[in-house]
Amino acid sequence: MKDYEIVIVGGGPAGLAAALSAKEAGCDSVVILERDSVLGGILNQCIHNGFGLHTFKEELTGPEYAARYIDRVLEAGIDYKTDTMVMDIAPDKTVTAMNRTDGMFTIHAKAVVLAMGCRERPRGALNIPGYRPAGIYSAGTAQRLVNIEGFMPGREVVILGSGDIGLIMARRMTFEGAHVQCVAELMPYSGGLKRNIVQCLNDYDIPLLLSHTVVDIDGKDRVRGVTIAEVDEKNKPIPGTEVCYPCDTLLLSTGLIPENELSREAGVEMHPVTGGPTVNESFETSLEGVFACGNVLHVHDLVDYVSEEAVRAGAHAAAYCLGNVRASRKEDTITVRATGGARYTVPSTVQCDRLGDLLTIRFRVGAVYKDAYVSVYLGDERVTHLKKRVIAPGEMEQVILKKEQLTAHEGLKEITVTIENE
């Protein structure tokens, strides 16, 4: 098996963008390893529009967005292997994988880019009582069945969770003739984008029940109905608020989890909030030469941001392979801290001498804030104080700092991102 300078694990939007960026940065020896039979990742089943407004300045469907990157990968002559499962990534960046054509094989890489994406939280993590009848699907599974396989999961539908996939599937199932009775959400706010609430629920008169959850599933062989109850401030069902909804299908849209089994086994340090790797300004993980980007790092709301992040990760991986990176020095490391409503930041650490002109810090909040301020402190000095009408957990936020702002603070050790009321 041929060895490569850079191995990209995952051929979705992050992997494709990272591979192109690495190639354009001067690394000719790049390979993408993808477990599916085609490149493009989850975008292949996202046939709705709304993609590419930032990247291409026009509205595309998921397959159209993926196709633009796939075409560029093919034109650039970047190697790729589909139907290939990566089994192990060793600390020395030896990648072990297998497929039908090559069997089990290893690739010795100078750098590895993790771009495995994320997966849906399963029913087993929700502790819903009842049998395990047919008719319970994750929203993403239902999306694949309808959009790619051509099967309808059911006709009378209840959706638990208001993540973006669940909202989009409420509209999609309605298009296909199903009756979506409601979308129930445990939290007092939606987990999806505001535009999806409007376009997928409000436009089709589908009720969104906030602070509600499924407390029972009726049916042994096939779902016959679900019982939904209101919950209190501790997310405990309130007795007497139960309502039974007769249905044959329950779709679960209760969150996404970064796909990081390979990362953990390799010894990558994981972030306790995101479930993805902790990374520095170069998207490099705690293992030297191993980079991460996209939904494997933290769950994004827009694929445009995934691609933007992956471009930088691929360029940094190429610079590492080409020896154009200054050695990391612990004494020069600046910690990026999230507090006061901000749940996490990406990156977690920064070294100024390895930065470009700008530093983009992305984060999410843990609750809904109205007429609040996103503030950034360099040490004790507040350098950003941006008023926002609404800040919600379903939408990723970002702040951009100039390198010169950081270097002007001699001895800077901490950047703080916080939410303030005034």
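Each remark here, short or long, concerns the structure printed above.
For the structure given in this document, a descriptive report is provided here. Note that this is a predicted model, so its numbers are computed, not measured.

Cut-offs applied
- Residues numbered from 1 in each chain as written.
- Predicted model: local features only at pLDDT ≥ 70, side-chain atom pairs only at ≥ 80, totals over all residues.
- Heavy atoms only, no water.
- Helix = DSSP H or I, 4+ residues; strand = E, 2+ residues; numbered from the N terminus.
- Rg over C-alpha atoms; globule rule 2.2 N^0.38 Å.
- Contact = heavy atoms within 4.5 Å.
- Buried < 20%, exposed > 50% of the residue type's maximum accessible area, 1.4 Å probe, protein only.
- Pairing = 2+ DSSP bridges.
- Axes fitted to C-alpha atoms, helices over the stretch in contact; angles between N-to-C directions.
- Salt bridge = Lys/Arg side-chain N within 4 Å of Asp/Glu carboxyl O.
- Core = buried A, V, L, I, M, F, W, Y, C linked by side-chain atoms within 4.5 Å.
- Lys, Arg positive; Asp, Glu negative; His and termini not counted.
- Polar contact = N/O pair within 3.5 Å; in protein donor to acceptor, adjacent residues only side chain to side chain.
- Left-handed = near helix turned anticlockwise from the far one by under 90°.
- Nonpolar A, V, L, I, M, F, W, Y, C, P; charged D, E, K, R; others polar.

### Thoughts on the overall build of the protein
Looking only at helices and strands, the protein has 8 helices and 26 strands in total. Against the compact-globule benchmark of 22 Å for 422 residues, the protein has a radius of gyration of 22 Å, which places it among compact chains. If you line up the protein on its principal axes, its C-alpha atoms span 65 × 60 × 40 Å. Long-range contacts, defined here as pairs at least 24 residues apart, represent 63% of the contacts in the protein between residues at least 6 apart.

### With respect to the pairing of strand β25 (residues 397-402)
Residue alternation in β25 divides its side chains into a buried set, E397, V399 and L401, and an unburied set, Q398, I400 and K402. Bridging between strand β22 (residues 358-365) and β25 involves 6 bridges; their strand directions are antiparallel. In the sheet register, L358 faces β25, and the bridge partner there is K402.

### Quick word on the sheet that holds strand β15 (residues 243-246)
Remark on secondary structure: sheet strands pair via backbone hydrogen bonds, oriented parallel or antiparallel. If you trace the 3 strands from one edge of the open sheet to the other, you get β13-β14-β15, paired in antiparallel fashion. Lying at the two open borders of the sheet, with one neighbouring strand each, are β13 (212-218) and β15. Here the average twist between neighbouring strands, direction ignored, is 30°. Sheet topology places β13 next to strand β14 (residues 225-230); 6 bridges connect them, and they run antiparallel. From the neighbouring strand, H212 faces β14, where its bridge partner is E230.

### What about the pattern of salt bridges?
According to the stated counting rule, one finds 19 salt bridges in the structure shown. With a shortest N-O distance of 3.0 Å, E259 and R119 are connected by a salt bridge. Within this pair, whereas E259 is found in the loop between β17 (256-258) and α6 (261-266), its partner R119 is found in strand β8 (residues 118-120), the two being separated by 140 residues in sequence. You can call R119 partly exposed: its relative accessible area is 31%. Among the ionic pairs, R312 bridges to E308, the shortest N-O distance being 3.6 Å. Within this pair, R312 and its partner E308 are both found in helix α7 (residues 303-321), separated by 4 residues, close to a single helical turn. The structure contains a network of salt bridges with shared partners spanning R35, R119, E259 and E261.

### Section: the nonpolar core
In this structure, I6 and I8 are the most contacted members of the largest nonpolar core, which totals 63 residues. In contact with I8, not counting residues within four places along its chain, are G15, A18, A19, V30, V31, I32, L33, V113 and A115. Formed by 22 residues, the second largest nonpolar core is a distinct cluster that contains V376, L378, I391 and L412.

### Here we look at the pairing of β13
Within a regular strand, the side chains alternate between the two sheet faces. Judged by how many residues are buried, β13 sits mostly within the fold: 5 of 7 residues are covered. In this antiparallel pair of consecutive strands, β13 and β14, the connection spans 6 residues, and G219 shows a positive phi of 125°.

### Let's talk about the side chain of E185
As for its placement among the helices and strands, E185 is situated in strand β11 (residues 179-185). No salt bridge is formed by the buried E185; the nearest opposite charge belongs to R121, separated by 9.4 Å. At 3.0 Å, the side chain of E185 and the backbone nitrogen of M187 are in polar contact. Sequence-distant contacts of E185, defined by excluding residues within four places in its chain, comprise G161, S162, G191, L208, L209, L210, S211 and H212.

### Remarks on the sheet that holds strand β4 (residues 85-89)
With antiparallel pairing, the 3 strands of this open sheet are ordered in space as β4-β5-β6. Strands with a single pairing partner mark the edges of an open sheet, and in this sheet they are β4 and β6 (103-108). The sheet shows a mean angle of 25° between the axes of neighbouring strands, direction not considered.

### Structural notes on the packing of helix α1 (residues 13-24) against helix α2 (residues 62-75)
Taken N-terminus to C-terminus, the directions of α1 and α2 make an angle of 35°; their axes are 10 Å apart at the nearest point. Relative to α2, α1 is oriented so that their crossing is left-handed. In this structure, α1 contributes L16, A17, L20 and E24 to the contact, and α2 contributes A66, Y69, I70, R72 and V73. Across the contact of α1 with α2, the residue classes tally to 7 nonpolar, no polar and 2 charged.

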